[in-house]
Amino acid sequence: MTPALIVAVFMVAALIIYALMGGADFGGGMWDFLATGPRAVRQKEVIARAIGPIWEANHVWLILVVVLLFTGFPLAFAAIMTALNIPITLVLVGVILRGSTFIFRTYDRRTDVVQRRWSIVFGLSSFFTPFVEGITVGALATGQIRVSDGRLTSGFFSGWLTPFSFACGVFAVALFAFLAATYMTVETEDEPDLQEDFRRRAMWAGLILIPIALTAFLLARSGAPWIFAGLTRWWAPFLLGGTSCCALAALLTLWRRKFFLARVAAIGQVTLILCGWSLAQYPNFVTPDLTFANSAAPAVTLRLLIIALALGAVLLFPSLYFLFRLFKGSQPPVRQETSEGEQIERLTTAPDSP
Amino acid sequence: MNDFLFARSQMAMSLAFHIIFAAIGIGLPVLMSIAEAAWLRTKNPVYLDLAKRWSRGAAILFAVGAVSGTVLSFELGLLWPGFMARAGAIIGMPFSLEGFAFFAEAIFLGVYLHGWDRLPPWLHWFSGVLVALGGILSGIFVVTANAWMNAPAGFTMVDGKATGIDPIAAMLNPASLHEVIHMTLAAFVATGFGVAAVHAFFLRRDRANPFHRAALGLALAVACLSAPLQIVSGDHSSRTVARLQPAKLAAMEALYHSQDGAPLTIGGLPDSRSERTAYALRIPHGLSLLVARDPAAHVTGLDKFPRAQWPNVRIVHWSFDLMVGSGCYLLACSLAAAWLWWRHRRLPDAPWFLRAIVLAGPLGFLAIEAGWMVTEVGRQPWIIYGIMRTEEAVTPMPGIAVPFFGFTALYLFLAASVFFLLRRQFLGAPAGARRS
Ligand code: HDD
Ligand code: HEM
Ligand code: HEM
């Protein structure tokens, strides 16, 4: 493996983790927006509880992807940011609105009007952001973004205004909704009613995902010919088979109420989809002009970057494990706090609840 | 305005917005950790209350810091692709390391904010310390990237291409040391006085409130210890800039003509056409003394540079004076606090003193903004000093006015929302009667 390829693998890994974690946070926002039924308020509460401690950490994966891109593949970064300036700017608007309204909602007045106002923006931006992210990623595969001599020659509207990239956007939204609802079934072990709500949502989302995936696949034939050709290589049947198995397994386990297994299957599904996409894309970065090799930084930089990533991972993963252990265990270890602390906690968490 | 100017304005606006939250992201975790340590030692519940309330503010401010920082990392490419294509391989390193610092910060912030009753007290305190470390480190890393733009190192240019790249040498460029020290201290000064100002404001009406007294005490301690150091570090910065970027120094001091025994010019109306600064206060030999420690030393003026390489002298000079002026006021506040404390052996709470501290609150942040104007506008017309001009780096994308106005509106809205949310948090603070 060349250093460029190793950095690219790290990038894909970071992207997958971003989809698995940050994607689920988006999905959570969507279900918050769509909360209905007699338990709508409870649904919103458990979603907020599930996202609260981890969303900032999950969000850093996106930053890592960007930083690796501009350090490891500066030419590709410059080309992508120029060609896809418009959709990426829209992603940023979504990122700003979602992050800030989530936190404003948590800390603002508990009255309905105020909460609803923040919730609407939070919910809509939770749909909007992954939609535009999907468009952006899809655009890279269309082959319409052309670069020669490091200069963009195809203008600012090519690639992302295509049926294929829009299908990718819709697919991202549906995938994250499915992922989030599946995770939520595990987070609501102790409330069977809520668990049922999320189970039903997960199954619906999983079912809707199938035609969307098929549409995207068929659109790829003309919309992303390079990728489509990639999907006819020898490994493609295994990968497609694996992805379909995971998708079916997820639906089946949801139906049988084996929630833990459903979560594993959903994670497998997302991972395989993104692996397949990167394999089909290989060795192109921005199809077809920029490859991993011809847009990479010099080897010194890449080697240092790999060392930094390895050392960083040693520190990062135990800390992440600690974070998730603390908030995501099925029986979180709540320490009994003595009067004073709890008094203050109560006093501070609900300043003017009616 | 053309697209190029809009791009510069958008970058400046985004950074000026982010730096407020970044500075708080460095300073506030330190204050929270000190408060919690004080609680662990003394078991005085006021300190626990303090740590909890500050951490609620931190949650809001950090979220805004995180989203505005994300915008910046994309904007480097959205606005300056020419710069990133060339510089990414050289200075991507500190940004990548910064990424890990963000992880540390975000992970332990989650633990800290939501783990009050899930962790043993010392472990909770320790995660706060890690948040503080993550914040300080992310600041240090990103500032070395900026220092590299001012004093590029770690590569050689051959035919317009960078070769012999050494990312470590680029990170440890000659401007890194002074910028890192000065910025880190700035975060402590600004956050310290900012927090002190809020509590001083409430103490003016409720002098006996133990909650606000404890808060003011801690915040003042941090602020008043860092402010004098900041002046020393500012002097170090000036002398390094004189060595590395004489054109920037000349603009800071509105010094149009190279001369021996140069005066220190304060205020006035620099006029680049006539190359004179009217209405200024001049201290004879002041500049030579400050820069070289020798009243007769020679100082390079702008006349040694072609006009095309002059930065905007008015902005740089006035910003510099604004920063130094604020620095002097904050130093005076620190000295007054120390003297009052030494005289009375208790928290200084004379009404005039509280009023002075309320005024000091915004000045720390004003100094940060002004200081960055000096650094960034003073670097113009270069994006990489002496190597690449800013207009070579700008995106070919037309219509940058749209994102500029869009983001400006968005940030104004965020700023207003943060202001009202924080105000509500402060107004919810415990009244004196209940605690005493
Ligand atoms: C609380 C904030 C604060 C205060 C009180 C001061 N500064 Fe400052 N200054 C900054 C905050 C700051 C800053 C915003 O943090 C900058 C921008 C870039 C940097 O490294 O620090 C800065 C930059 C900066 C530079 C430019 C460095 C460069 O371009 O490389 C100089 C020469 C000084 N400062 C000098 C001073 C002096 C002589 C001060 C004494 C009164 C002073 N500063 C007080
Ligand atoms: C430490 C990290 C920073 C980096 C890497 C950085 C980078 C940049 C870049 C790439 C530009 C655009 C090119 C140019 O105009 O030369 C720029 C411009 C600018 N930045 Fe920074 N910056 C940093 C910190 C800051 C901060 C904290 C401020 C706060 C106010 C700031 C203020 C400005 C201004 C005013 C400009 C426009 C200058 C002009 O065009 O006249 N910068 N910066
Ligand atoms: C071009 C310049 C800059 C870029 C690209 C940048 C990028 C970022 C990003 C992506 C984040 C979000 C991290 C998260 O999600 O937790 C962030 C936060 C932060 N940045 Fe910046 N930043 C820049 C300038 C600066 C400067 C000048 C400082 C100060 C010295 C600074 C200090 C911080 C700190 C302390 C945080 C974490 C605190 C918080 O979240 O509020 N950054 N920055």
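Predicted model, so just to flag it, every value in this text is computed and none were measured.

(A) Layout of the overall build of chain B. Helix and strand counts for chain B stand at 14 helices and ten strands. In terms of overall dimensions, chain B has a C-alpha envelope of 70 × 45 × 40 Å along the principal axes. In chain B, which comprises 436 residues, the proportion classed as buried is 61%. When contacts within chain B are restricted to residue pairs at least 6 apart in sequence, those whose partners lie at least 24 apart make up 78%. Between the centroid of the 33 positive side chains of chain B and the centroid of its 24 negative side chains there is a distance of 12 Å.

(B) Spotlight on the overall build of chain A. Along its length, chain A carries 13 helices and four strands. Computed over C-alpha atoms, the radius of gyration of chain A comes to 21 Å, within 12% of the 20 Å expected from 2.2 N^0.38 for 354 residues, which places it in the range of a compact globule. Based on the C-alpha atoms only, the size of chain A along its principal axes is roughly 65 × 40 × 35 Å. When burial is assessed residue by residue, chain A has 56% of its 354 residues classed as buried. Put simply, of all contacts in chain A between residues at least 6 apart along the chain, 78% involve residues at least 24 apart. Of the accessible surface of chain A, which amounts to about 15100 Å², a share of 70% is contributed by carbon and sulfur atoms.

(C) Region of the structure containing the site of ligand 1. Residues and elements named next belong to chain B. Taken together, 25 residues surround ligand 1, and among them H178, H182, K248, M323 and I368 come closest. H178 places a polar side-chain atom, nitrogen or oxygen, 2.7 Å from an oxygen atom of ligand 1. Within the contact set of ligand 1, an oxygen atom lies 3.1 Å away from a side-chain nitrogen or oxygen of T375. Residues belonging to the shell around ligand 1 are distributed by class as follows: twelve nonpolar, ten polar and three charged.

(D) Region of interest: the interface of chain B and chain A. Counting from both sides, the interface comprises 69 residues of chain B and, opposite them, 70 residues of chain A. Carbon and sulfur atoms make up 77% of the surface buried where chain B meets chain A, a total of about 6500 Å² over both sides. Among the residues of chain B in contact with chain A, F103(B), R118(B) and R424(B) are the three that bury the most area, contributing 12% of the side total. Linking chain B with chain A are six residue pairs in polar contact (both at pLDDT 80 or more), by the criterion used here. The set of elements that each furnish at least two residues to the side of chain B that touches chain A consists of α2 (45-79), α3 (81-114), α4 (121-150), α5 (167-171), α13 (401-427) and α14 (432-435) of chain B. No other element matches α3(B), which puts 21 residues into the side of chain B that touches chain A. Its residues assigned to classes, the side of chain B that touches chain A shows 47 nonpolar, 13 polar and nine charged.

(E) Quick peek at a nonpolar patch on the surface. All names here are of chain A. On the surface, F33, L34, I120, V121 and L124 cluster together to form a nonpolar patch covering roughly 380 Å² of accessible area. Considering each element in turn, the nonpolar patch owes the most residues, three residues, to helix α6 (residues 112-141). Position of I120 relative to the elements: it lies in helix α6. I120 sits in the partly exposed class, given a relative accessible area of 41%.

(F) Fine view of the nonpolar core. The biggest cluster of nonpolar side chains holds 224 residues, and the ones touching the most others in it are F73(A), W54(B), F83(B), W148(B) and F193(B). The element contributing the most residues to this core is α2(B), with 19 residues. Filtering out sequence-adjacent residues up to four positions away, F73(A) remains in contact with A4(A), V7(A), A8(A), M11(A), L68(A), F285(A), F292(A), S295(A), A296(A) and A297(A). Counting 18 residues, the second largest nonpolar core, distinct from the first, contains V241(B), M252(B), V299(B) and F320(B).

(G) Summary view of the side chain of Q10(B). In this structure, Q10(B) sits in helix α1 (residues 3-42). Ignoring sequence-local partners within four residues, the contact set of Q10(B) consists of E75(B), L79(B), I400(B), P403(B), F404(B) and F407(B).

(H) Structural detail: the coordination of the iron atom of ligand 1. Every protein donor of the iron atom of ligand 1 is accounted for by H182(B) (NE2) and M323(B) (SD), and the metal-donor separations fall at 2.0 to 2.3 Å. Since its relative accessible area comes to 17%, M323(B) is described here as buried.

(I) Here's a closer look at the site of ligand 2. Residues and elements named next belong to chain B. The environment of ligand 2 is formed by 22 residues, the closest being R8, L15, E376, R379 and Q380. The side chain of N146 places a nitrogen or oxygen atom 3.4 Å from a nitrogen atom of ligand 2. Of all elements in the fold, only α1, α4, α11 (351-377) and β9 (382-384) reach the threshold of two or more residues within the shell around ligand 2. Looking at the shell around ligand 2 element by element, the count peaks at six residues for α1. The residue makeup of the shell around ligand 2, split by class, is 15 nonpolar, three polar and four charged.

(J) Molecular detail of the coordination of the iron atom of ligand 2. No protein donor other than E376(B) (OE) coordinates the iron atom of ligand 2, and that contact is at 1.9 Å. Assignment of secondary structure puts E376(B) in helix α11.

(K) The arrangement of the packing of aromatic side chains in detail. For the structure on display, the rule yields 31 aromatic pairs over all chains. Measuring from centroid to centroid gives 5.3 Å for F70(A) and F95(B), while their planes differ by 90°, and the two rings are edge-to-face. On the criterion of chain membership, the pair formed by F70(A) in helix α3 (residues 55-72) and F95(B) in helix α3 is interchain, its members lying in two chains. Here the aromatic rings of F201(B) and F202(B) are separated by 5.5 Å at their centres, their planes lie at 85°, and the arrangement is edge-to-face. Judged by relative accessible area, which is 16%, F202(B) ranks as buried. The ring of W39(B) has K43(B) lying over it, and the distance from NZ or CZ to the ring centre is 4.4 Å. The ring centre of W382(B) lies 5.7 Å from the NZ or CZ of R389(B), which sits over that ring.

(L) Expanded view of unusual backbone geometry. Backbone torsion omega between Y282(A) and P283(A) reads 0°, so that peptide bond is classified as cis. Positionally, P283(A) belongs in the loop between α11 (259-281) and β3 (284-286). Cis geometry marks the peptide bond from Q380(B) to P381(B); its omega dihedral reads 5°. As for its placement among the helices and strands, P381(B) is situated in the loop between α11 and β9.

(M) Fine view of the confidence of the model for chain B. All names here are of chain B. This prediction gives chain B a mean pLDDT of 91; 98% of its residues lie at or above 70. Of all secondary-structure elements in chain B, the lowest mean pLDDT belongs to α14, at 45, while helix α6 (residues 176-203) reaches the highest, 96. In the model, residues 432-436 has pLDDT below 50 throughout and makes nine contacts with residues more than four positions away in sequence or in other chains.

Reading the values: rules and limits
Residues numbered from 1 in each chain as written. Chains lettered and ligands numbered in written order. Predicted model: local features only at pLDDT ≥ 70, side-chain atom pairs only at ≥ 80, totals over all residues. Heavy atoms only, no water. Helix = DSSP H or I, 4+ residues; strand = E, 2+ residues; numbered from the N terminus. Buried < 20%, exposed > 50% of the residue type's maximum accessible area, 1.4 Å probe, protein only. Contact = heavy atoms within 4.5 Å. Lys, Arg positive; Asp, Glu negative; His and termini not counted. Charge placed at Lys NZ, Arg CZ, Asp CG, Glu CD. Rg over C-alpha atoms; globule rule 2.2 N^0.38 Å. Areas by Shrake-Rupley, 256 points an atom, 1.4 Å probe, with all protein chains shown as cover. Near = heavy atom within 4 Å. Polar contact = N/O pair within 3.5 Å; in protein donor to acceptor, adjacent residues only side chain to side chain. Nonpolar A, V, L, I, M, F, W, Y, C, P; charged D, E, K, R; others polar. Buried area = accessible area lost by both parts, 1.4 Å probe. Patch = residues over 30% accessible without salt bridge, like charges linked within 9 Å, V, L, I, M, F, W, Y side chains within 5 Å. Salt bridge = Lys/Arg side-chain N within 4 Å of Asp/Glu carboxyl O. Core = buried A, V, L, I, M, F, W, Y, C linked by side-chain atoms within 4.5 Å. Donors = N, O, S within 2.8 Å, 3.2 Å for Na, K, Ca; no water. Phe/Tyr/Trp six-rings, centres within 6.5 Å; stacked < 30°, edge-to-face > 60°. Lys NZ or Arg CZ within 6 Å of the ring centre and 35° of its normal. pLDDT = per-residue confidence, 0-100.

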